[in-house]
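Below are the chains, spelled out letter by letter.
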Amino acid sequence: MVGIPEDFIEGSGNPALDAARLLRQRLEVNRGFGWDMPVGSASRASVPTQSAVSGEIEDREAVLESIRAEVADCTLCGLCEGRTQTVFGVGNKSARILFVGEGPGRDEDLAGEPFVGRAGKLLDKIIQAMGLAREEVYIANIVKCRPPENRNPATEEMAACFPYLERQVKALQPEVICALGGVAAKALLSTDLSVGRLRGEFHEYAGIPVRVTYHPAYLLRSPGEKKKAWEDIKALMAHIGLRLPA
Ligand code: SF4
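Bear in mind that the values here come from a model prediction, so they are computed numbers and not experimental data. (Residues numbered from 1 in each chain as written. Predicted model: local features only at pLDDT ≥ 70, side-chain atom pairs only at ≥ 80, totals over all residues.)

Engineer: How do you make sense of the overall build of the protein chain when you look at a structure like this?
Structural biologist: Along the protein chain, the regular secondary structure elements total nine helices and six strands. Expressed as a percentage of its 246 residues, the buried residues of the protein chain come to 38%. (Helix = DSSP H or I, 4+ residues; strand = E, 2+ residues; numbered from the N terminus. Buried ≥ 20, exposed ≤ 12 C-beta atoms within 10 Å, placed from the backbone.)

Engineer: Is there a simple way to explain the site of the ligand in this structure?
Structural biologist: Within the structure, the ligand sits among 14 residues, and C74, C77, C80, C145 and C161 are positioned closest to it. For the shell around the ligand, the element with the most residues is helix α5 (residues 155-172), which contributes three residues. Of the residues assigned to the shell around the ligand, the class counts are ten nonpolar, two polar and two charged. (Near = placed C-beta within 6 Å. Nonpolar A, V, L, I, M, F, W, Y, C, P; charged D, E, K, R; others polar.)

Engineer: What am I meant to see in the sheet that holds strand β6 (residues 208-213) here?
Structural biologist: Two strands in a sheet stick together by hydrogen bonds in their backbones, pointing the same way (parallel) or opposite ways (antiparallel). The sheet built from six strands is open, its strands ordered β1-β3-β2-β4-β6-β5 with mixed pairing. In the strand order of this sheet, the two ends are held by β1 (90-91) and β5 (202-205), each with one partner. Sheet analysis places strand β2 (residues 97-101) next to strand β4 (residues 176-180), joined by four bridges and oriented parallel. Paired with L98 across the two strands is I177, which belongs to β4. Where helix α9 (residues 226-239) meets the sheet, it contacts β4, β5 and β6, and its direction lies at approximately 165° from that of β6. (Pairing = 2+ DSSP bridges. Contact = placed C-beta atoms within 7 Å. Axes fitted to C-alpha atoms, helices over the stretch in contact; angles between N-to-C directions.)

Engineer: Explain the nonpolar core to me, please; I cannot follow it from the model alone.
Structural biologist: The tendency in soluble globular proteins is for nonpolar side chains to be buried as a group. Ranked by internal contacts, the top residues of the largest apolar core, which has 54 residues, are L98, F99, V100, I142, A179 and A184. Leaving out residues up to four positions away in the same chain, I142 has contacts with V100, E102, G103, P153, M158, C161, F162, L165, V183, A184 and A187. (Core = buried A, V, L, I, M, F, W, Y, C linked by C-beta atoms within 7 Å.)

Engineer: Help me understand the environment of L193, please; the structure alone is not making it clear to me.
Structural biologist: Considering the arrangement of structural elements, one finds L193 in the loop between α6 (182-189) and α7 (195-198). Along the sequence, L193 and G182 sit eleven residues apart, while their C-alpha atoms lie 8.0 Å from each other.

Engineer: Honestly, the environment of I177 in this entry has me stumped. Any pointers?
Structural biologist: When you line up the elements, I177 lands in strand β4. Accessibility expressed as a C-beta count within 10 Å gives 27 for I177, which makes it buried. Spatially, the C-alpha atoms of I177 and R96 are 8.6 Å apart, while their sequence positions differ by 81 residues. The contacts of I177, once residues within four sequence positions are left out, are L98, V100, L188, Y205, I208 and V210.

Engineer: Explanation requested: the confidence of the model for the protein chain in the structure shown.
Structural biologist: Low pLDDT means the predicted coordinates in that region are not meant to be read closely. On average, residues of the protein chain carry a pLDDT of 86, and 79% of them reach 70 or more. Contacts from residues 9-47, a stretch scored under 50 in pLDDT, to residues over four places away or in other chains number 35 contacts. (pLDDT = per-residue confidence, 0-100.)

So this is what it looks like as C-alpha cells:
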C-alpha cells in the first residue's frame with residue numbers, strides 16, 4: 001500500500017525518472033480523448049478524432065469565457081461590494097478532475113485566481129503527489145467573490161452564485177469532483193453533514209461522482225488529518241483509473 005507522501009510531496013530524487021512518471025501520468029489524464037492511441041489502432045474509430053476533440057475543447061472554452069464575462073460583472077449578491085475582482089476558476093478545460101473550494105480569500109481576491117495562498121500551496125502539493133500538475137486539473141469555488149474577513153459564504157450568497165458553478169461543471173464535464181471542505185460539500189450535495197461524515201464514500205452531483213475531503217486550509221490547522229485527506233485523494237484517483245506515481 002502506498003503511504004502518505006511526506007507533506008504531500010512524492011518523488012524518486014531522480015529528476016529524469018520523475019519526469020518520465022509525470023509524462024506517463026499525463027498520457028493517462030488525456031486518455032479520455034484518445035490522444036495516446038497509436039495510429040492505426042483497431043479501436044481508434046471508437047474514440048474522437050483529433051479535430052473533433054479540438055472542436056469540443058474550443059466549444060468548452062467559448063462557453064467558459066462567456067460565463068466568466070457574466071461573473072466579472074455580477075452583482076447578484078452582496079459579496080460584489082467587497083471584492084477586488086471576481087475569481088472564476090482556473091485549469092485545464094479537458095480536466096478529468098475538478099476541485100471545488102468554498103470561495104476566494106485575500107490572496108485569491110488580489111490575484112483573481114483560486115487557491116494561490118498558503119492553502120493553495122498545499123493543494124498544489126497534493127496535486128503534485130498525485131503525479132499531476134496544477135495545469136492538468138480544474139479548480140473553482142462555490143462563490144466567486146471574497147466573503148469579508150474570510151467568513152464562510154452565507155446560504156443566500158451560495159444560492160446566488162451556485163448557478164455559475166453549475167454551468168462550469170456542465171461545460172467541463174469532469175469525470176470526478178473533489179469537494180474541498182464543508183461549504184463545497186454543502187452546496188454540491190445539499191447537505192449539512194460534516195466532512196467527517198461525508199468523506200470515505202462517493203456521492204453524486206449531476207451524475208458526476210463527488211468525493212468529499214478536508215479543505216487545505218483546515219489541513220494546515222490540523223496536519224494530523226492529512227492522512228485521511230490522502231486516502232480520499234487515492235480513492236478518487238482509483239475511481240477514474242489514475243495510478244499513483246510509483
Ligand atoms: S459571489 Fe457570485 S453571485 Fe455574488 S456577486 Fe460574486 S459572482 Fe455574483
